[in-house]
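For reference, the chains in residue letters:
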Amino acid sequence: MGTSMSKFPDNFLWGGATAANQCEGAWDVDGKGISESDVVTAGSLTKIRETTEGIEEGKYYPSHDAIDFYHHYKEDIALFGEMGFKAYRMSISWTRIFPTGEESEPNEKGLEFYDKVFDELHKYGIEPVVTISHYDDPYELKKKYGSWANRRYVDCYVKYAKAIINRYHNKVKYWLTFNEINSLILYPVFTGLPKTKENYEGVYQSAHHKFIASAETVQYAHEHYPDIKVGMMFCALTSYPYSCNPKDVLGNMQKSDEGYFFCDTMCRGYYSNKAKKAMEAMGITLEIRDGDDEILRNGKVDFISFSYYSTTAFSYDMSDKETVGGNFSMGGKNPYLKTSDWGWQIDPIGLRITLNELYDRYQLPLMIVENGLGAEDKIEKDGSIHDDYRIEYLREHIKAMKDTINIDGVDLIGYTSWGCIDLISASTGEMKKRYGFIYVDKDNEGNGTLKRIKKDSFYWYKKVIESNGETL
Ligand code: BGP
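Residues numbered from 1 in each chain as written. Predicted model: local features only at pLDDT ≥ 70, side-chain atom pairs only at ≥ 80, totals over all residues. Heavy atoms only, no water.

A. The arrangement of the pattern of salt bridges in detail. Considering all chains together, one arrives at 35 salt bridges under this definition. Its salt-bridge partner being Asp264, residue Arg268 comes within 3.4 Å of it at the nearest N-O pair. Of this pair, Arg268 and Asp264 are both found in helix α9 (residues 246–268), four residues apart, which corresponds to roughly one turn of the helix. A residue is classified by how much of its surface remains accessible, and Asp264, at 7% relative accessible area, is buried. Measuring nitrogen to oxygen at the nearest pair gives 3.9 Å for the salt bridge that ties Asp403 to Arg352. Taken as a pair, Asp403 in helix α13 (residues 388–406) and Arg352 in helix α12 (residues 348–362) lie far apart in primary sequence, 51 residues in all. (Salt bridge = Lys/Arg side-chain N within 4 Å of Asp/Glu carboxyl O. Helix = DSSP H or I, 4+ residues; strand = E, 2+ residues; numbered from the N terminus. Buried < 20%, exposed > 50% of the residue type's maximum accessible area, 1.4 Å probe, protein only.)

Structure follows, in structure tokens:
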């Protein structure tokens, strides 16, 4: 419970979040191997990003240079420090450490880079929150083994996770095993693919392997470094029944269960009856090895972290309903909500609902590790950037968090807003879809000076942190 009616906990982890493939650049520097994200071209809201076979001459791959955090980390972290960040969520690029995923020894140059980043963060009293895999698995593994449905991935991941935990256990206390682990299932669910073995077998087998990889990592960390906390990371796609028609309510519950399947397994350490029945109905028999059940039981996560951007509504009959998307979700448009320029519905109360649902289900500490507004920014003649729309979005979500802590008693331990510095958009590959408090001078085609400029939201967020959420 919060200590007083209007306060965030004293040690609340205020900060921002990024991912290696969207900000680091330096894609082939110091021995780094090719990541899956390095073969994805730029797109837009109307043009889907293309995934190529290897790197093709003449194509533009935004991850290759991104905002060059690799060479600007000191300057960027100094700005995070100036805002007063208590935490910085970032990811380690797997292919900096194991370029193809299959080496037996880690790449020292890659390890050194993150040592420098963590040291710099600690200089400003910023706690790193590290995602082990954030959409950039080694491309070589994909070429050779296809997907996580192949068990080989588990061994490679666990070797990598152990290497970085061994190296950084003194510098990193909070670890997240996979970014948005439920993204695995979102494509078939939201494109409405029939529930057949053919469509879902690979998804469930991959999920099983990721659960095992995560649980082995948790167990290893707990056994060797008791101070470390390992969390899961989940893409919260809260959805409301479109109406009070029981068919909408039941259908919406079933849709939500697809996502909760991941939390259920990782927080409870076993498959729910519901999940087993769903697989059985499709005729899916998972390849489960002897000992896997025990690994799951012994590798339950310590906390839940999640991304939250928007909500949708579900109707059993969508034929006459307008639909909207947003961060993997697809569903009915909610007439009570506004949408962002990229069509994502804005719903601060939905954040409170989501936090309550998660806390009631699992009774574990929660951390919001992504939230924010992707919007185009304009630089004024005097160099200032008035992003009041972003401030408004964040303010309303922070107010909802405050109510969740103080009125509902939810154990929320941190908030790292997404893209605290402008970076490459994951869904579209654009630069102009900006989330940051810090502007980066770069355009969709890769041109720009990379100069960093503070937006109005920079000064606003600094005050929010300084006042521990009192000055909004
Ligand atoms: C999440 C990803 C992030 C991030 C965010 C915003 O799905 O974990 O990597 O990019 O969404 O999405 P976008 O960049 O598409 O606006």
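Having seen the structure, we can now continue with the description.
B. Geometry of the pairing of strand β1 (residues 13–17). Most of β1 is tucked away, with five of its five residues classed as buried. The side-chain alternation of β1 yields two buried faces, one formed by Leu13, Gly15 and Ala17 and the other by Trp14 and Gly16. Bridge count between β1 and strand β14 (residues 412–418): five bridges; the pairing is parallel. Bridge pairing in β14 places Ala17 opposite Trp418. (Pairing = 2+ DSSP bridges.)

C. A look at unusual backbone geometry. Although it is not a glycine, Asp30 adopts a positive phi angle of roughly 55°. Locating Asp30 in the fold gives a position in the loop between α1 (20–23) and α2 (69–83). Judged by its relative accessible area of 35%, Asp30 falls in the partly exposed class. Phi is positive for Tyr135, which is not a glycine, with a value near 55°. Inspection of the secondary structure puts Tyr135 in the loop between β3 (127–133) and α5 (139–145).

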